[in-house]
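Each chain is listed here by its residues.
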Amino acid sequence: MMSQIKSVFNKEWKDSWRDRRALLAILAFALLSPTLMAGVLWAVADKVKGADLPVVSIVGAERAPDIVTFLENRGFTLQLEQDVIIEDNVPAVPETAQVLMVLDPDFEDNYRARMPATIHIYASMEKDVQRIAINTLEYALRVYGQVVANNRLLEHGVYPMITIPFEINKSDLSPSGATAKSMAYMFLMLFLMAPFYGSMSIALDAMAGERERDSLQPLLAQPVQTMALATGKWLVAAFFGFLCTLVVTVCCSLVLANAPLASLGIRLVLDPFVVVGILLALIPLVLMVAALQLYVSLRAKSFKEGQMYLGMLVLVPMMILAFSTIADDGVKGWLTNLPIFGDQNTISQLLATGTFDIATSAPGMLLNLLVAGIMIVLTARHLGSEQLLDEG
(Lines give C-alpha, C1' and ligand atoms only; values in the text may rest on other atoms or scores of the structure.)
Protein backbone atom coordinates (compact mmCIF):
# COMPACT_ATOMS: atom_id res chain seq x y z
CA MET A 1 0.00 0.00 0.00
CA MET A 2 2.69 2.49 1.00
CA SER A 3 4.82 1.66 -2.04
CA GLN A 4 1.80 2.26 -4.28
CA ILE A 5 1.08 5.60 -2.61
CA LYS A 6 4.73 6.57 -3.10
CA SER A 7 4.61 5.63 -6.78
CA VAL A 8 1.44 7.64 -7.39
CA PHE A 9 2.87 10.55 -5.40
CA ASN A 10 6.07 10.60 -7.49
CA LYS A 11 4.09 10.47 -10.73
CA GLU A 12 1.78 13.34 -9.69
CA TRP A 13 4.72 15.29 -8.28
CA LYS A 14 6.52 15.29 -11.61
CA ASP A 15 3.35 16.14 -13.54
CA SER A 16 2.58 19.07 -11.23
CA TRP A 17 6.04 20.63 -11.61
CA ARG A 18 5.76 20.37 -15.40
CA ASP A 19 2.60 22.53 -15.38
CA ARG A 20 4.26 25.95 -15.34
CA ARG A 21 1.03 27.90 -15.74
CA ALA A 22 -0.56 26.29 -12.70
CA LEU A 23 2.53 26.97 -10.60
CA LEU A 24 2.64 30.57 -11.83
CA ALA A 25 -1.02 31.05 -10.86
CA ILE A 26 -0.33 29.73 -7.36
CA LEU A 27 2.73 31.95 -6.99
CA ALA A 28 0.86 35.00 -8.31
CA PHE A 29 -1.86 34.69 -5.69
CA ALA A 30 0.63 33.99 -2.90
CA LEU A 31 2.73 37.07 -3.68
CA LEU A 32 0.31 39.59 -5.19
CA SER A 33 -2.50 39.33 -2.64
CA PRO A 34 -0.30 40.34 0.35
CA THR A 35 1.20 43.09 -1.80
CA LEU A 36 -2.24 44.48 -2.59
CA MET A 37 -3.19 44.27 1.07
CA ALA A 38 -0.04 46.21 1.95
CA GLY A 39 -1.10 48.92 -0.48
CA VAL A 40 -4.49 49.13 1.23
CA LEU A 41 -2.88 49.49 4.66
CA TRP A 42 -0.51 52.23 3.54
CA ALA A 43 -3.31 54.05 1.72
CA VAL A 44 -5.48 54.05 4.84
CA ALA A 45 -2.55 55.22 6.96
CA ASP A 46 -1.79 58.05 4.53
CA LYS A 47 -5.44 59.07 4.57
CA VAL A 48 -5.47 59.29 8.36
CA LYS A 49 -2.14 61.09 8.39
CA GLY A 50 -3.37 63.50 5.72
CA ALA A 51 -6.34 64.63 7.79
CA ASP A 52 -4.52 67.73 9.07
CA LEU A 53 -6.20 70.87 10.32
CA PRO A 54 -7.66 72.71 7.30
CA VAL A 55 -6.68 76.15 6.08
CA VAL A 56 -9.75 78.30 6.81
CA SER A 57 -10.63 81.40 4.83
CA ILE A 58 -12.76 83.73 6.98
CA VAL A 59 -15.03 86.47 5.69
CA GLY A 60 -16.19 88.90 8.43
CA ALA A 61 -13.46 88.05 10.93
CA GLU A 62 -13.70 91.55 12.41
CA ARG A 63 -17.19 90.65 13.66
CA ALA A 64 -15.84 87.92 15.94
CA PRO A 65 -12.18 88.52 16.91
CA ASP A 66 -12.48 86.14 19.86
CA ILE A 67 -13.40 83.24 17.57
CA VAL A 68 -10.42 84.03 15.34
CA THR A 69 -8.08 84.02 18.34
CA PHE A 70 -9.60 80.75 19.62
CA LEU A 71 -9.12 78.96 16.28
CA GLU A 72 -5.56 80.24 15.96
CA ASN A 73 -4.75 78.95 19.44
CA ARG A 74 -6.06 75.51 18.41
CA GLY A 75 -3.64 75.39 15.48
CA PHE A 76 -5.87 76.38 12.57
CA THR A 77 -4.32 78.39 9.74
CA LEU A 78 -6.59 81.34 8.99
CA GLN A 79 -6.82 83.61 5.96
CA LEU A 80 -8.83 86.81 6.37
CA GLU A 81 -10.91 87.78 3.35
CA GLN A 82 -12.96 90.90 2.70
CA ASP A 83 -15.67 89.57 0.43
CA VAL A 84 -17.14 86.27 -0.71
CA ILE A 85 -16.31 85.22 -4.25
CA ILE A 86 -19.42 83.98 -6.03
CA GLU A 87 -19.11 81.44 -8.85
CA ASP A 88 -22.26 80.06 -10.52
CA ASN A 89 -24.36 81.57 -7.71
CA VAL A 90 -22.38 79.53 -5.14
CA PRO A 91 -19.74 80.88 -2.73
CA ALA A 92 -16.31 79.71 -3.88
CA VAL A 93 -13.56 78.53 -1.57
CA PRO A 94 -10.22 80.27 -2.34
CA GLU A 95 -7.60 78.03 -3.95
CA THR A 96 -5.24 78.53 -1.00
CA ALA A 97 -7.79 77.27 1.55
CA GLN A 98 -9.89 74.16 2.13
CA VAL A 99 -12.78 75.77 3.98
CA LEU A 100 -14.63 79.06 3.62
CA MET A 101 -16.21 80.38 6.82
CA VAL A 102 -18.57 83.35 6.50
CA LEU A 103 -19.97 85.24 9.49
CA ASP A 104 -23.37 86.87 8.91
CA PRO A 105 -23.40 90.70 8.62
CA ASP A 106 -25.55 90.81 11.75
CA PHE A 107 -23.37 88.30 13.56
CA GLU A 108 -21.93 90.85 16.02
CA ASP A 109 -25.35 92.36 16.84
CA ASN A 110 -26.94 88.98 17.49
CA TYR A 111 -23.93 87.87 19.51
CA ARG A 112 -24.14 90.88 21.82
CA ALA A 113 -27.91 90.56 22.08
CA ARG A 114 -27.50 86.97 23.31
CA MET A 115 -29.23 85.72 20.19
CA PRO A 116 -28.03 82.83 18.00
CA ALA A 117 -25.43 84.15 15.54
CA THR A 118 -25.00 82.30 12.27
CA ILE A 119 -21.74 80.98 10.82
CA HIS A 120 -21.77 79.56 7.28
CA ILE A 121 -19.21 76.91 6.33
CA TYR A 122 -18.56 76.06 2.68
CA ALA A 123 -16.27 73.25 1.61
CA SER A 124 -15.97 70.29 -0.71
CA MET A 125 -16.67 67.05 1.14
CA GLU A 126 -15.98 64.56 -1.62
CA LYS A 127 -13.02 62.91 0.13
CA ASP A 128 -12.83 61.38 3.60
CA VAL A 129 -9.82 63.54 4.49
CA GLN A 130 -11.81 66.70 3.74
CA ARG A 131 -14.77 65.51 5.80
CA ILE A 132 -12.51 64.72 8.76
CA ALA A 133 -10.88 68.16 8.56
CA ILE A 134 -14.23 69.95 8.36
CA ASN A 135 -15.60 67.95 11.28
CA THR A 136 -12.55 69.06 13.27
CA LEU A 137 -13.35 72.72 12.55
CA GLU A 138 -17.01 72.22 13.42
CA TYR A 139 -16.06 70.52 16.70
CA ALA A 140 -13.74 73.42 17.60
CA LEU A 141 -16.54 75.93 17.00
CA ARG A 142 -18.93 73.90 19.14
CA VAL A 143 -16.37 73.83 21.95
CA TYR A 144 -16.06 77.62 21.75
CA GLY A 145 -19.85 77.94 21.72
CA GLN A 146 -20.09 75.85 24.89
CA VAL A 147 -17.49 78.05 26.60
CA VAL A 148 -19.49 81.17 25.68
CA ALA A 149 -22.72 79.56 26.93
CA ASN A 150 -21.11 78.69 30.27
CA ASN A 151 -19.80 82.25 30.70
CA ARG A 152 -23.27 83.66 30.03
CA LEU A 153 -24.77 81.39 32.68
CA LEU A 154 -22.15 82.50 35.19
CA GLU A 155 -22.99 86.15 34.43
CA HIS A 156 -26.55 85.44 35.56
CA GLY A 157 -25.41 83.58 38.65
CA VAL A 158 -26.27 80.16 37.28
CA TYR A 159 -23.82 77.32 37.77
CA PRO A 160 -23.20 75.86 34.26
CA MET A 161 -23.21 72.27 35.51
CA ILE A 162 -26.88 72.62 36.47
CA THR A 163 -27.73 72.39 32.77
CA ILE A 164 -26.23 68.88 32.62
CA PRO A 165 -28.78 66.48 34.23
CA PHE A 166 -26.49 63.47 34.09
CA GLU A 167 -23.04 62.42 32.92
CA ILE A 168 -22.37 59.38 30.76
CA ASN A 169 -19.19 57.46 31.56
CA LYS A 170 -18.56 54.84 28.90
CA SER A 171 -16.08 52.01 29.47
CA ASP A 172 -14.91 49.45 26.93
CA LEU A 173 -15.25 45.98 28.46
CA SER A 174 -14.23 44.09 25.33
CA PRO A 175 -11.22 41.75 25.62
CA SER A 176 -7.73 43.12 25.15
CA GLY A 177 -6.90 43.44 21.49
CA ALA A 178 -10.51 43.56 20.24
CA THR A 179 -9.66 46.37 17.83
CA ALA A 180 -6.73 44.39 16.53
CA LYS A 181 -9.00 41.37 16.10
CA SER A 182 -11.33 43.44 13.90
CA MET A 183 -8.41 44.58 11.80
CA ALA A 184 -7.25 40.98 11.45
CA TYR A 185 -10.39 40.20 9.45
CA MET A 186 -8.73 41.89 6.48
CA PHE A 187 -5.97 39.29 6.48
CA LEU A 188 -8.18 36.40 7.52
CA MET A 189 -9.54 36.29 4.00
CA LEU A 190 -6.06 35.70 2.59
CA PHE A 191 -5.16 33.08 5.18
CA LEU A 192 -8.37 31.12 4.58
CA MET A 193 -8.29 31.41 0.80
CA ALA A 194 -4.65 30.34 0.44
CA PRO A 195 -5.37 26.58 0.83
CA PHE A 196 -8.16 26.83 -1.76
CA TYR A 197 -5.99 28.59 -4.36
CA GLY A 198 -2.89 26.54 -3.64
CA SER A 199 -4.37 23.11 -4.33
CA MET A 200 -7.13 24.05 -6.79
CA SER A 201 -5.20 23.79 -10.06
CA ILE A 202 -3.34 20.66 -8.93
CA ALA A 203 -6.50 18.85 -7.84
CA LEU A 204 -8.31 19.93 -10.99
CA ASP A 205 -5.60 18.59 -13.29
CA ALA A 206 -5.14 15.40 -11.25
CA MET A 207 -8.72 14.29 -11.81
CA ALA A 208 -10.73 16.32 -14.33
CA GLY A 209 -7.64 17.07 -16.42
CA GLU A 210 -6.47 13.47 -16.65
CA ARG A 211 -10.00 12.33 -17.28
CA GLU A 212 -10.39 14.72 -20.22
CA ARG A 213 -7.00 13.69 -21.63
CA ASP A 214 -8.08 10.02 -21.36
CA SER A 215 -5.12 9.24 -19.11
CA LEU A 216 -7.11 8.41 -15.97
CA GLN A 217 -8.60 5.15 -17.31
CA PRO A 218 -5.19 3.64 -18.22
CA LEU A 219 -3.99 4.60 -14.76
CA LEU A 220 -6.92 2.74 -13.21
CA ALA A 221 -6.00 -0.33 -15.26
CA GLN A 222 -2.68 -0.55 -13.43
CA PRO A 223 -2.32 -2.86 -10.40
CA VAL A 224 -2.79 0.04 -7.97
CA GLN A 225 -5.42 0.21 -5.27
CA THR A 226 -7.87 3.07 -5.69
CA MET A 227 -7.20 4.18 -2.10
CA ALA A 228 -3.48 4.44 -2.89
CA LEU A 229 -4.29 6.34 -6.07
CA ALA A 230 -6.56 8.80 -4.26
CA THR A 231 -4.13 9.23 -1.37
CA GLY A 232 -1.13 9.89 -3.61
CA LYS A 233 -2.96 12.55 -5.59
CA TRP A 234 -4.34 14.05 -2.40
CA LEU A 235 -0.90 14.39 -0.80
CA VAL A 236 0.49 16.23 -3.84
CA ALA A 237 -2.47 18.63 -3.94
CA ALA A 238 -2.18 19.18 -0.19
CA PHE A 239 1.55 19.92 -0.52
CA PHE A 240 0.95 22.75 -2.98
CA GLY A 241 -1.93 23.99 -0.83
CA PHE A 242 0.41 24.17 2.15
CA LEU A 243 3.14 25.76 0.05
CA CYS A 244 0.78 28.55 -1.01
CA THR A 245 -0.40 28.93 2.60
CA LEU A 246 3.21 29.16 3.80
CA VAL A 247 4.11 31.89 1.31
CA VAL A 248 0.94 33.87 2.04
CA THR A 249 1.45 33.60 5.80
CA VAL A 250 5.09 34.71 5.66
CA CYS A 251 4.36 37.56 3.23
CA CYS A 252 1.39 38.79 5.28
CA SER A 253 3.48 38.64 8.44
CA LEU A 254 6.18 40.76 6.80
CA VAL A 255 3.54 43.23 5.61
CA LEU A 256 1.98 43.53 9.06
CA ALA A 257 5.37 43.80 10.74
CA ASN A 258 6.33 46.79 8.56
CA ALA A 259 2.91 48.39 8.12
CA PRO A 260 2.17 51.70 9.92
CA LEU A 261 -0.29 50.03 12.28
CA ALA A 262 0.58 52.39 15.13
CA SER A 263 -0.73 55.38 13.16
CA LEU A 264 -4.03 53.51 12.79
CA GLY A 265 -4.22 52.76 16.50
CA ILE A 266 -3.86 49.01 15.90
CA ARG A 267 -1.71 46.50 17.75
CA LEU A 268 -1.16 43.01 16.38
CA VAL A 269 1.08 40.30 17.81
CA LEU A 270 3.58 39.21 15.15
CA ASP A 271 6.25 37.03 16.69
CA PRO A 272 7.55 33.71 15.28
CA PHE A 273 5.22 31.79 17.58
CA VAL A 274 2.20 33.44 15.95
CA VAL A 275 3.43 32.65 12.43
CA VAL A 276 4.09 29.02 13.34
CA GLY A 277 0.75 28.86 15.15
CA ILE A 278 -1.14 30.10 12.07
CA LEU A 279 0.57 27.51 9.88
CA LEU A 280 -0.17 24.68 12.31
CA ALA A 281 -3.78 25.80 12.63
CA LEU A 282 -4.21 25.81 8.85
CA ILE A 283 -2.69 22.35 8.19
CA PRO A 284 -5.99 20.48 8.88
CA LEU A 285 -7.80 22.97 6.64
CA VAL A 286 -5.23 22.43 3.88
CA LEU A 287 -5.75 18.67 4.05
CA MET A 288 -9.54 19.01 4.05
CA VAL A 289 -9.63 21.48 1.16
CA ALA A 290 -7.32 19.35 -1.00
CA ALA A 291 -9.44 16.24 -0.40
CA LEU A 292 -12.66 18.11 -1.10
CA GLN A 293 -11.33 19.66 -4.31
CA LEU A 294 -10.04 16.28 -5.46
CA TYR A 295 -13.45 14.68 -5.00
CA VAL A 296 -15.32 17.56 -6.66
CA SER A 297 -12.88 17.50 -9.59
CA LEU A 298 -13.43 13.75 -9.99
CA ARG A 299 -17.21 14.17 -10.04
CA ALA A 300 -17.01 16.85 -12.75
CA LYS A 301 -17.69 15.54 -16.24
CA SER A 302 -15.29 17.95 -17.94
CA PHE A 303 -12.35 20.22 -17.15
CA LYS A 304 -14.46 23.37 -17.56
CA GLU A 305 -17.15 22.00 -15.29
CA GLY A 306 -14.49 21.24 -12.70
CA GLN A 307 -13.17 24.78 -12.98
CA MET A 308 -16.66 26.13 -12.33
CA TYR A 309 -17.21 23.93 -9.27
CA LEU A 310 -13.81 24.66 -7.73
CA GLY A 311 -14.23 28.36 -8.47
CA MET A 312 -17.45 28.26 -6.46
CA LEU A 313 -15.64 26.54 -3.58
CA VAL A 314 -13.24 29.49 -3.34
CA LEU A 315 -16.22 31.68 -2.44
CA VAL A 316 -16.94 29.59 0.67
CA PRO A 317 -14.38 31.37 2.94
CA MET A 318 -15.72 34.75 1.83
CA MET A 319 -19.32 33.82 2.65
CA ILE A 320 -18.36 32.26 5.97
CA LEU A 321 -16.31 35.29 6.98
CA ALA A 322 -19.15 37.63 6.02
CA PHE A 323 -21.69 35.54 7.95
CA SER A 324 -19.52 35.37 11.06
CA THR A 325 -19.38 39.18 11.26
CA ILE A 326 -23.18 39.47 11.52
CA ALA A 327 -23.92 36.29 13.50
CA ASP A 328 -25.11 36.54 17.10
CA ASP A 329 -22.77 35.63 19.92
CA GLY A 330 -24.81 32.52 20.68
CA VAL A 331 -24.49 31.34 17.10
CA LYS A 332 -20.76 32.11 17.00
CA GLY A 333 -20.26 29.89 20.04
CA TRP A 334 -21.06 26.65 18.22
CA LEU A 335 -19.85 27.85 14.82
CA THR A 336 -16.27 27.74 16.11
CA ASN A 337 -16.58 23.94 16.17
CA LEU A 338 -17.04 23.82 12.40
CA PRO A 339 -14.39 23.85 9.66
CA ILE A 340 -13.23 27.31 8.50
CA PHE A 341 -15.22 28.99 11.31
CA GLY A 342 -12.88 27.44 13.87
CA ASP A 343 -9.80 28.29 11.80
CA GLN A 344 -10.97 31.89 11.53
CA ASN A 345 -11.44 32.12 15.30
CA THR A 346 -8.01 30.59 15.99
CA ILE A 347 -6.16 32.94 13.63
CA SER A 348 -8.03 35.95 15.03
CA GLN A 349 -6.98 35.06 18.56
CA LEU A 350 -3.37 34.54 17.50
CA LEU A 351 -3.10 37.90 15.75
CA ALA A 352 -4.87 39.78 18.52
CA THR A 353 -3.41 38.19 21.65
CA GLY A 354 -0.56 35.92 20.52
CA THR A 355 -2.27 32.85 21.99
CA PHE A 356 -5.30 30.68 21.28
CA ASP A 357 -7.59 28.40 23.24
CA ILE A 358 -6.84 24.81 22.27
CA ALA A 359 -10.17 23.67 23.74
CA THR A 360 -12.15 25.80 21.27
CA SER A 361 -9.80 25.25 18.32
CA ALA A 362 -9.39 21.46 18.55
CA PRO A 363 -12.96 20.49 17.52
CA GLY A 364 -12.74 22.44 14.27
CA MET A 365 -9.30 21.01 13.45
CA LEU A 366 -10.42 17.44 14.16
CA LEU A 367 -13.53 17.93 12.05
CA ASN A 368 -11.34 19.16 9.20
CA LEU A 369 -9.33 15.94 9.36
CA LEU A 370 -12.52 13.87 9.55
CA VAL A 371 -13.97 15.55 6.46
CA ALA A 372 -10.66 15.03 4.64
CA GLY A 373 -10.73 11.33 5.45
CA ILE A 374 -14.33 10.99 4.29
CA MET A 375 -13.56 12.78 1.03
CA ILE A 376 -10.59 10.50 0.34
CA VAL A 377 -12.70 7.39 0.98
CA LEU A 378 -15.43 8.70 -1.34
CA THR A 379 -12.84 9.55 -3.99
CA ALA A 380 -11.30 6.07 -3.82
CA ARG A 381 -14.73 4.46 -3.97
CA HIS A 382 -15.74 6.48 -7.02
CA LEU A 383 -12.43 5.69 -8.73
CA GLY A 384 -13.26 1.99 -8.42
CA SER A 385 -16.85 2.25 -9.62
CA GLU A 386 -18.05 1.28 -13.05
CA GLN A 387 -19.95 4.55 -13.21
CA LEU A 388 -16.68 6.41 -13.69
CA LEU A 389 -15.82 4.31 -16.76
CA ASP A 390 -19.32 4.78 -18.16
CA GLU A 391 -19.08 8.56 -17.68
CA GLY A 392 -15.65 8.62 -19.33
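None of the values given here were measured: they were computed from a predicted structure.

**Q** In this structure, what is going on with a nonpolar patch on the surface? I would like to understand it.
**A** A cluster of nonpolar residues, Leu154, Tyr159, Met161, Ile162 and Ile164, forms a patch on the protein surface that exposes about 560 Å² of accessible area. Relative to the helices and strands, Met161 resides in the loop between helix H5 (128-155) and helix H6 (178-212). Taking the relative accessible area as the measure of exposure, Met161 reaches 43% and is therefore partly exposed.

**Q** Sorry if this is basic, but what is going on with the sheet that holds strand S6 (residues 119-123) here?
**A** Strand pairing within a sheet occurs via backbone hydrogen bonds; the two strands may be parallel or antiparallel. Strand order across the open sheet formed by four strands is S2-S1-S5-S6, with mixed pairing between neighbours. Here the strands that pair on one side only, and so sit at the sheet edges, are strand S2 (77-81) and S6. Here the average twist between neighbouring strands, direction ignored, is 25 degrees. With five bridges joining them, strand S1 (residues 55-59) and S2 adopt parallel strand pairing. Along S2, the bridge assignment pairs Ile58 with Leu80. Strands S1, S2, strand S5 (99-103) and S6 of the sheet are contacted by helix H3 (residues 65-73), whose axis makes an angle of about 150 degrees with S2.

**Q** Any chance you could explain the pairing of S1 here in plain terms?
**A** Along S1, five of the five residues are buried, which leaves the element largely enclosed by surrounding structure. Covered by surrounding structure in S1 are Val55, Ser57 and Val59 together with Val56 and Ile58, the residues of both alternating faces. Since S1 and S2 lie parallel, the crossover through H3 that links them has a hand, and here it is right-handed. Here four bridges tie S1 to S5, and the two strands are oriented parallel to one another. Opposite Val59, over in S5, you have Val102 as the bridge partner.

**Q** Before we go on, may I ask you to explain H3 in this structure?
**A** Side chains that are three or four residues apart share a direction in an α-helix, a result of its 3.6 residues per turn. For H3, the complete set of buried residues consists of Ile67, Val68, Phe70 and Leu71. Buried residues of H3, seen end-on, are gathered within an arc of 165 degrees and therefore sit on one face of the element. Summarising the geometry of H3, the exposed residues directed more than 90 degrees from the buried face are Asp66 and Asn73. Once H3 ends, the next one or two residues include Gly75, with phi positive near 100 degrees.

The rules behind the values
Residue indices begin from 1 for each chain and proceed along its sequence in written order. Whole-chain, interface and lining totals are the exception, using all residues; otherwise, since this is a predicted model, local features are given only for residues with pLDDT of at least 70 and side-chain atom pairs are given and counted only at 80 or more. To obtain the side-chain values, all non-hydrogen atoms of the structure were included, while hydrogens and water were left out. Patch membership needs two things, relative accessible area over 30% and no salt bridge, and members are linked within 9 Å if like-charged or within 5 Å if nonpolar (Val, Leu, Ile, Met, Phe, Trp, Tyr). Accessible surface area values rest on a Shrake-Rupley calculation with a 1.4 Å probe, where residue burial reflects the displayed protein chains alone. Think of a salt bridge as a Lys or Arg side-chain nitrogen and an Asp or Glu carboxyl oxygen that are within 4 Å of each other. Only DSSP runs of H or I covering at least 4 residues are called helices, and only runs of E covering at least 2 are called strands; the numbering of each starts at the N terminus. Exposure categories follow from relative accessible area, calculated using a 1.4 Å probe and restricted to protein chains: below 20% of the type maximum is buried, above 50% is exposed, and the middle band is partly exposed. A strand pair is defined by DSSP finding two or more bridges across the two strands. A fitted line through C-alpha atoms represents every axis, and for helices the fit uses only the stretch in contact; the resulting angles, taken between N-to-C directions, go from 0 to 180 degrees. Contact definition: two residues touch when any of their heavy atoms are within 4.5 Å. Think of it like this: strands point away, you trace from the first strand over the helix to the second, and a clockwise trace means the crossover is right-handed. The reported arc concerns the directions from the helix axis to the C-beta atoms and nothing else.

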